[in-house]
Amino acid sequence: MRKFVLYIVLLTLVIGGCGGKGVEVVAVPPVDVQPPPTPPITSDPSATLPTPADASEGLLPTPTLAGAADSVEQTNPTAATEGAAQQPPPPPTATADPAIVAQYTLSAAPGVPEDLIVAAQTLVANNRQLFQWVEDDATADVRLTVNDGTPLANWIYVVAAPFATVADDTTWPAVTSGWTTGESELGRLHVDPATSAALTAVWGPGGAQVVAEDFIGVVWAARPSWIIIPFEHLRPEWKVIGLDGRSPLTHDFSPDGYPLSLPMTVTGQPQAVNEFVARWNGPATNRDPAKLTRVAMSGVTALVRATAAQMEINGILWPGEEVAPVFQSADIAHISNEVSFAADCPYPDAYGGTTFCSRDPYFDLIKHLGIDVIELTGNHLNDYGREPLSRTIDMYEAAGMKWFGGGRNLADASRPAVFEHNGNRIAFVGCNPVGPANDWALVDAAGSRPCDDDLLAQIAQLRAEGYVVIATLQYNEHYVYYAPPDQQAAFSRLAAAGASAVSGSQAHHAQGFAFENGTFIHYGPGNLFFDQMDMSGTRQTFVDTYVIYDGRILDVELWTGLIEKWARPRLMTGEERIDLLQTVFQASGW
């Protein structure tokens with residue numbers, strides 16, 4: 001019994017802590033708990049970062065998108081110091097469970113646009129329990145098709161030809177006949193493989209030549225030639241040919257009844273198709289009017305001498321009567337006004353010299369045209385001193401117009417004129433390389449922007465920021481249709497810097513074109529409003545409309561006019577237009 005009582009007492013002391021006195025704690029060896037195994041992070045000690053390209057050697061290469069599955073080198077992060085807290089491993093990446101078997105297979109027929117295929121594959125990635133993508137499987141449960149099944153999208157195609165094509169329009173019977181025979185009045189028909197498959201699904205087999213590689217080069221070499229391509233595949237090297245007077249490049253275009261609006265469809269097992277359509281959020285079309293911007297670009301304006309005298313006789317707005325709709329229908333309209341408005345400008349002398357000013361009332365013509373941006377690279381801006389130019393810029397600013405290529409001082413002259421319209425970012429820059437010296441802006445005085453390497457760097461920077469850059473050059477005046485080698489070299493520098501388009505604002509004589517790595521170059525649109533009536537080339541004029549879509553120039557339309565009575569460009573006749581286009585295309589080496 002005493003033993004039992006003693007046992008109880010000892011047990012009570014252990015549980016109670018011996019009357020509250022401290023208990024010696026025995027250290028327990030740590031347990032070695034290992035984290036889950038992860039792939040080691042390694043680095044190549046010999047690897048170095050690539051050196052950025054020298055801006056003076058041209059544009060940086062456009063980055064390409066690589067698949068996430070591609071092998072990627074990783075650099076080793078700085079090692080943690082001893083005793084630093086260990087970071088938790090990154091969360092696991094979600095991957096498809098191979099045990100999951102999709103209910104339906106999904107594929108695409110030949111001719112289905114790539115944008116729809118990508119959208120369908122994204123849908124598959126987000127619904128793996130329902131769908132599995134299979135390539136070229138005609139027996140798939142769900143199949144994207146052309147003109148066969150439930151409507152999914154309408155895809156706009158266009159008739160086009162090499163830019164150096166004189167014809168402007170064709171007819172629907174000519175297109176269908178051309179598909180059957182492979183020929184039309186436009187020449188030999190060419191299509192890429194995807195377009196061939198799409199058109200075959202709608203029209204049946206045709207006689208077009210299918211070109212799988214170097215599409216632009218092959219079609220240009222085969223001139224006279226024409227193509228049918230999806231709207232989004234247009235680029236400046238192509239000229240859109242109107243189809244019975246309709247063009248998808250204009251704001252008033254409607255796809256209703258347009259014969260080259262092809263139905264993209266989906267077909268297959270009914271329940272599978274229903275599940276697919278219920279989850280579909282891909283594009284409904286390849287032409288979104290909310291992404292379209294039209295920029296009207298013109299040549300020399302000088303409201304002086306005989307041009308001004310005719311305005312006094314016939315009315316201030318008279319010179320613009322036929323050309324006005326081109327500017328007024330543009331989203332951004334440009335002119336290069338080479339002469340400042342002076343408060344003391346005298347009544348015009350039709351036979352006067354070359355010291356120029358314009359009277360204030362003539363500004364009504366510019367406002368009537370709906371001009372949005374004024375180029376100030378001209379040689380005659382300061383003929384009456386620098387104060388009239390500053391005053392003129394005040395007039396532009398009060399009218400809500402922007403300006404570039406010149407300014408109230410050198411800093412102002414060097415700023416781009418920037419616009420944002422329908423999601424497109426557009427920047428205008430320009431300079432005057434030939435002077436005269438009193439025309440150039442100073443640190444504290446108005447004038448045109450002199451040319452230097454800063455312009456090239458500015459173009460590259462604007463391009464990198466996502467702008468469509470329109471660059472102009474007030475170059476030496478050449479009264480010829482072709483561009484001499486020195487002019488070609490100067491314009492090429494702006495193209496190489498990243499300009500999307502380069503235009504010669506110096507040209508009193510219409511000049512030819514070029515393409516360099518996708519850049520559209522027009523060496524000289526010619527006079528717009530000026531009194532040089534002594535040569536055909538000084539009377540012939542272009543207004544170039546850049547059609548910009550989704551951040552790039554898609555196409556360039558050419559309005560051609562002939563100046564009459566020293567002041568007024570009128571629309572050319574068909575014969576006059578053919579003569580001019582053939583002349584400038586030949587001068588361009590085409």
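Parameters at a glance
- Residues numbered from 1 in each chain as written.
- Predicted model: local features only at pLDDT ≥ 70, side-chain atom pairs only at ≥ 80, totals over all residues.
- Heavy atoms only, no water.
- Disulfide = S-S within 2.5 Å.
- Helix = DSSP H or I, 4+ residues; strand = E, 2+ residues; numbered from the N terminus.
- Buried < 20%, exposed > 50% of the residue type's maximum accessible area, 1.4 Å probe, protein only.
- pLDDT = per-residue confidence, 0-100.
- Contact = heavy atoms within 4.5 Å.
- Pairing = 2+ DSSP bridges.
- Core = buried A, V, L, I, M, F, W, Y, C linked by side-chain atoms within 4.5 Å.
- Axes fitted to C-alpha atoms, helices over the stretch in contact; angles between N-to-C directions.
- Nonpolar A, V, L, I, M, F, W, Y, C, P; charged D, E, K, R; others polar.
- Phe/Tyr/Trp six-rings, centres within 6.5 Å; stacked < 30°, edge-to-face > 60°.
- Lys NZ or Arg CZ within 6 Å of the ring centre and 35° of its normal.
- Salt bridge = Lys/Arg side-chain N within 4 Å of Asp/Glu carboxyl O.

**Looking at the state of the cysteines**
For step 1, the next point in the chain: Applying the stated criterion across every chain yields a total of two disulfides.
For step 2, the next point in the chain: The partner cysteine of C345 in its disulfide is C357, sulfur to sulfur 2.0 Å. Since a negative S-S torsion denotes a left-handed disulfide, the C345-C357 link at about 85° is right-handed. With C345 in the loop between β15 (332-337) and α9 (363-368) and C357 in the loop between β15 and α9, this pair connects stretches of sequence that are twelve residues apart. Each of the two residues, C345 as well as C357, counts as buried.
For step 3, the next point in the chain: With its sulfur 1.9 Å from that of its partner, C431 forms a disulfide with C451. The S-S bond linking C431 to C451 shows a torsion near 95°; that makes this disulfide right-handed. Note that C431 is positioned in strand β20 (residues 424-431) and C451 in the loop between β21 (447-448) and α12 (453-464), a separation of 20 residues in sequence.

**Remarks on the confidence of the model for the chain**
For step 1, the next point in the chain: When the pLDDT values of the chain are averaged, the result is 87; 83% of them are 70 or greater.
For step 2, the next point in the chain: Here residues 1-96 scores under 50 on pLDDT; set against residues more than four positions off or in separate chains, the count is 19 contacts.

**What about the pairing of strand β12 (residues 261-268)?**
For step 1, the next point in the chain: Across five bridges, the pairing between strand β3 (residues 142-146) and β12 is antiparallel. Residue T145 lies in a different strand from β12, and its bridge partner there is T265.
For step 2, the next point in the chain: Both strand β4 (residues 150-162) and β12 contribute to a ladder of six bridges, which runs antiparallel. Looking across to β12, one finds that N154 is bridged to P263.

**Some thoughts on the nonpolar core**
For step 1, the next point in the chain: By size, the foremost hydrophobic cluster in this structure holds 92 residues, and its most contacted members are F163, I228, L234, W238, F276, F428 and Y546.
For step 2, the next point in the chain: For this core, the element with the highest residue contribution is β4, accounting for nine residues.
For step 3, the next point in the chain: With near-sequence residues (within four places) excluded, I228 lies in contact with Y157, V158, V159, V175, L189, H190, V191, T195, L199 and W203.
For step 4, the next point in the chain: Counting 32 residues, the second largest nonpolar core, distinct from the first, contains V323, V326, I371 and W559.

**A few points about the environment of V158**
For step 1, the next point in the chain: Among the structural elements, V158 can be located in strand β4.
For step 2, the next point in the chain: Ignoring any residue separated from it by four or fewer positions in sequence, one finds V158 in contact with I227, I228, I229, F231, L234, P248, Y258 and L260.

**What to know about the pairing of strand β28 (residues 552-564)**
For step 1, the next point in the chain: Burial of β28 is extensive: ten of the 13 residues sit out of reach of the surface.
For step 2, the next point in the chain: Turn length for the strand β27 (residues 540-549)-β28 hairpin, with the two strands adjacent in sequence and antiparallel, is two residues, and the turn residue D550 shows positive phi of about 55°.
For step 3, the next point in the chain: As paired strands, β28 and strand β29 (residues 568-571) are joined by four bridges and run antiparallel to one another. Paired with G561 across the bridge in β29 is L571.
For step 4, the next point in the chain: With antiparallel pairing between neighbouring strands as the criterion, β28 and β29 make up a hairpin whose turn holds three residues, including K565 at a positive phi of roughly 50°.

**Brief notes about the side chain of K239**
For step 1, the next point in the chain: For K239, the location among the structural elements is in strand β10 (residues 238-240).
For step 2, the next point in the chain: We classify K239 as buried; its relative accessible area is 11%.
For step 3, the next point in the chain: Not counting chain neighbours up to four residues away, the residues in contact with K239 comprise V159, A160, A161, P162, F163, T165, V166, A167, D168, D555 and R577.

**Some remarks on the environment of W172**
For step 1, the next point in the chain: Relative to the helices and strands, W172 resides in helix α3 (residues 172-181).
For step 2, the next point in the chain: Given the relative accessible area of 24%, W172 is considered partly exposed.
For step 3, the next point in the chain: Excluding anything up to four places from it in sequence, W172 contacts W203, L243, D244, P259 and L260.

**Focus: the packing of α12 against helix α13 (residues 485-497)**
When two helices pack together, their arrangement is captured by the angle between the axes and the distance separating the axes.
For step 1, the next point in the chain: The interhelical angle for the contact between α12 and α13, taken along N-to-C directions, is 35°, at an axis separation of 8 Å. For the pair formed by α12 and α13, the contact residues are D453, L455, L456, I459 and A460 on the first element and R493, L494 and A497 on the second.
For step 2, the next point in the chain: Its residues assigned to classes, the contact of α12 with α13 comprises six nonpolar, no polar and two charged.

**A look at the packing of aromatic side chains**
For step 1, the next point in the chain: Enumeration according to the criterion identifies 30 aromatic pairs in this entry.
For step 2, the next point in the chain: Ring centres 5.9 Å apart and planes at 40° place the aromatic pair F513 and F520 in the tilted group.
For step 3, the next point in the chain: Residue classification places F513 among the buried residues on the basis of a relative accessible area of 2%.
For step 4, the next point in the chain: Overall, the relative accessible area of 0% leaves F520 in the buried class.
For step 5, the next point in the chain: Every member of this aromatic cluster is reached through a ring pair, and the members are F163, W220, F513, F515, F520, F542, Y546, F585 and W590.
For step 6, the next point in the chain: Here the basic side chain of R287 rests over the ring of F231, its NZ or CZ set 5.9 Å away from the ring centre.
For step 7, the next point in the chain: Between K402 and the ring centre of F419, over which it is positioned, the NZ or CZ distance is 4.5 Å.

**Concerning the pattern of salt bridges**
For step 1, the next point in the chain: All told, the structure shown has 18 salt bridges when counted by the stated rule.
For step 2, the next point in the chain: Across the salt bridge formed by E275 and R279, the nearest N and O atoms sit 2.6 Å from each other. Of this pair, E275 and R279 both sit in helix α6 (residues 270-279), separated by four residues, roughly a single helical turn.
For step 3, the next point in the chain: One salt bridge connects R359 with E312, and the closest N-O pair in it is separated by 3.0 Å. With R359 in the loop between β15 and α9 and E312 in helix α7 (residues 305-314), the pair connects residues that are 47 residues apart, well separated along the chain.
For step 4, the next point in the chain: The partly exposed category is assigned to E312, whose relative accessible area is 27%.

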